[in-house]
Amino acid sequence: MQKGKFITFEGIDGAGKTTQIDALEFWLRERGLEVVRTREPGGTPLGEKIRAMLLADDMCVAAETLLFFASRAEHIERVIVPALERGAWVLSDRFTDATYAYQVGGKNFDPAKVEMLETLVQGALQPFKTVLFDISPEIAAQRLARARAADRFEAESREFFRRVREAYLDRAQRSAERFFIVDASREPHSITEALLTEAQSWI
Ligand code: T5A
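Let me sum up the structure you'll find in this document. What you see is a predicted model; the values in this text were computed from it and never measured. (Residues numbered from 1 in each chain as written. Predicted model: local features only at pLDDT ≥ 70, side-chain atom pairs only at ≥ 80, totals over all residues. Heavy atoms only, no water.)

Digging into the pattern of salt bridges
Turning to step 1, where the next piece is worked out: Across all of its chains, the model carries 20 salt bridges by this definition.
Turning to step 2, where the next piece is worked out: Between glutamate 64 and arginine 152 there is a salt bridge whose closest N-O contact spans 3.0 Å. Taken together, the residues glutamate 64 in helix H3 (residues 61-86) and arginine 152 in the loop between helix H6 (137-147) and helix H7 (158-174) connect sequence positions 88 residues apart.
Turning to step 3, where the next piece is worked out: Here the salt bridges do not stand alone but share partners, grouping Asp22, Glu25, Arg29 and Arg37 into one network. (Salt bridge = Lys/Arg side-chain N within 4 Å of Asp/Glu carboxyl O. Helix = DSSP H or I, 4+ residues; strand = E, 2+ residues; numbered from the N terminus.)

Examining the pairing of strand S3 (residues 89-93)
Turning to step 1, where the next piece is worked out: Burial analysis of S3 places five of its five residues in the buried class, the great majority of the element.
Turning to step 2, where the next piece is worked out: Burial along S3 is two-sided: the residues Trp89, Leu91 and Asp93 and Val90 and Ser92 are all buried.
Turning to step 3, where the next piece is worked out: Sheet analysis places strand S1 (residues 5-11) next to S3, joined by five bridges and oriented parallel. Counted as the bridge partner of phenylalanine 6 is valine 90 from S3.
Turning to step 4, where the next piece is worked out: The sheet contact formed by strand S2 (residues 35-39) and S3 spans five bridges and is parallel. In the sheet register, valine 36 faces S3, and the bridge partner there is valine 90. (Buried < 20%, exposed > 50% of the residue type's maximum accessible area, 1.4 Å probe, protein only. Pairing = 2+ DSSP bridges.)

Concerning the site of the ligand
Turning to step 1, where the next piece is worked out: The ligand sits among 29 residues. The nearest are Lys17, Thr18, Arg94, Thr99 and Arg148.
Turning to step 2, where the next piece is worked out: Within the backbone of glycine 14, an N or O atom sits 3.4 Å from an oxygen atom of the ligand.
Turning to step 3, where the next piece is worked out: In the complex, 84% of the free accessible area of the ligand, which totals 1000 Å², lies under the protein chains.
Turning to step 4, where the next piece is worked out: Counting residues per element, the ones that place at least two in the shell around the ligand are helix H1 (17-30), helix H2 (45-56), H3, helix H4 (96-106), H6 and helix H8 (188-199).
Turning to step 5, where the next piece is worked out: Per element, the largest residue contribution to the shell around the ligand is four residues, and it comes from H4. (Near = heavy atom within 4 Å. Polar contact = N/O pair within 3.5 Å; in protein donor to acceptor, adjacent residues only side chain to side chain. Areas by Shrake-Rupley, 256 points an atom, 1.4 Å probe, with all protein chains shown as cover.)

Points about the nonpolar core
Turning to step 1, where the next piece is worked out: Counting 39 residues, the largest nonpolar core has Phe9, Leu24, Leu91, Tyr102, Val131, Phe133 and Trp202 as the members making the most contacts within it.
Turning to step 2, where the next piece is worked out: With six residues, H7 is the single largest residue contributor to this core.
Turning to step 3, where the next piece is worked out: If we ignore the near neighbours within four places in the chain, the residues touching leucine 24 are Phe9, Leu91, Leu195, Leu196, Ala199 and Trp202.
Turning to step 4, where the next piece is worked out: One finds Phe6, Val79, Leu84 and Val114 within the second-largest nonpolar core, a separate group that totals 18 residues. (Core = buried A, V, L, I, M, F, W, Y, C linked by side-chain atoms within 4.5 Å. Contact = heavy atoms within 4.5 Å.)

Now the structure itself:
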């Protein structure tokens, strides 16, 4: 029986997740709770090597999907499950919803294949809550253009990110009890306020 809480953060590239995860991490630590902050792809030494390949190297969508799940298998086994068993709060910047949004929604990969991999790699593990930072691809692209050079995913078209956004919203609608959707186009402080108000009900 896991004692901790597994929270994931999702949204299209440039939605502004990082700033808000920082705020939630600080808020939880102030309450004396153990927090494990992690990310996908990545989160382990092997996962970080896989991340470097995924963000830079051209590959077919099947290979891409398998690499995301390889990184995830290592992440679950070595980081997420041990932390949850200790009673920690695990805050993961992206998890399997991203595979449904990007590879299935964005790149038309077969959802039945993702479901098979999800069962194989995760078993019954699912996030306790998922925060979806919802924003238009136009605003997200403006933020990223100001912030840094684009990686392989960030260089995708507006139409691609429109499909990814729709796929996220569709998943949120199907699992309404798990998802908390925030309007990520607002000012950072007002997003933080909404997130921390919601987080009070998770403790
Ligand atoms: N991926 C991942 C898949 O395709 N399938 C999968 O299964 C998984 C797990 C990961 C990539 O991999 C893909 C998705 C991704 O494309 P990444 O670099 O980790 O790559 O990408 P992100 O997780 O998207 O991280 P980003 O840093 O790109 O996005 P964030 O964290 O959402 O954005 P953030 O916080 O860096 O903010 C971007 C800019 O906006 C500003 C920030 O200061 C920054 O400059 N900003 C705001 N500006 C105005 N108003 C606000 N409210 C703002 N909030 C932030």
